Amino acid sequence: YNFWERQTHALVVLLIGSGLLKVDEMRRAIEALHPTHYASWGYYEKWAAGTAQVLLEQGVITEPELDSALGGSEHDEQPEAVFMLGEVVRVKE
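What counts, and at which threshold
- Residues numbered from 1 in each chain as written.
- Predicted model: local features only at pLDDT ≥ 70, side-chain atom pairs only at ≥ 80, totals over all residues.
- Heavy atoms only, no water.
- Core = buried A, V, L, I, M, F, W, Y, C linked by side-chain atoms within 4.5 Å.
- Buried < 20%, exposed > 50% of the residue type's maximum accessible area, 1.4 Å probe, protein only.
- Helix = DSSP H or I, 4+ residues; strand = E, 2+ residues; numbered from the N terminus.
- Contact = heavy atoms within 4.5 Å.
- Axes fitted to C-alpha atoms, helices over the stretch in contact; angles between N-to-C directions.
- Parallel < 35°, antiparallel > 145°, perpendicular 65-115°, else oblique.
- Left-handed = near helix turned anticlockwise from the far one by under 90°.

Draft legend 1. Inspection of the nonpolar core at higher detail. Val-12, Leu-15, Leu-21, Met-26, Ala-29, Ile-30, Leu-33, Tyr-44, Trp-47, Val-54 and Leu-55 together form the largest nonpolar core, which totals eleven residues. For this core, the elements supplying multiple residues, two or more each, are helix H1 (3-17), helix H2 (23-31) and helix H4 (43-58). Residues within four places of Ile-30 in sequence aside, it is in contact with Tyr-38, Lys-46, Trp-47 and Gly-50.

Okay, here's the thing in structure tokens:
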């Protein structure tokens, strides 16, 4: 197993042991994954996504905290829109 997979397993065991996560909650979050992700992600990818979703729902972590922990930034800017909503555009072939 990769290091991150062992970390994921350890984190889930710790969270369940401390009462911050229940197996049924994680299972529900995993089963609610987008079908493409559910079909293509491995076991620990599903565990990580399901655990993160439950912790977000419970308010244990916030989205900015999760983004920061994953290497993102609270200050990541969205690219400026090229077109406005409702604007007619022509696509070249």
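Draft legend 2. Representation of the packing of H2 against H4 in the model. Contact geometry for H2 and H4: axes closest at 8 Å, N-to-C directions at 110°. On the basis of their axis angle, the class for H2 and H4 is roughly perpendicular. In the packing of H2 onto H4, the handedness of the crossing is right-handed. Together, Glu-25, Met-26, Arg-28, Ala-29 and Ile-30 of H2 and Lys-46, Trp-47, Gly-50, Thr-51, Gln-53, Val-54, Glu-57 and Gln-58 of H4 make up the contact between the two elements.

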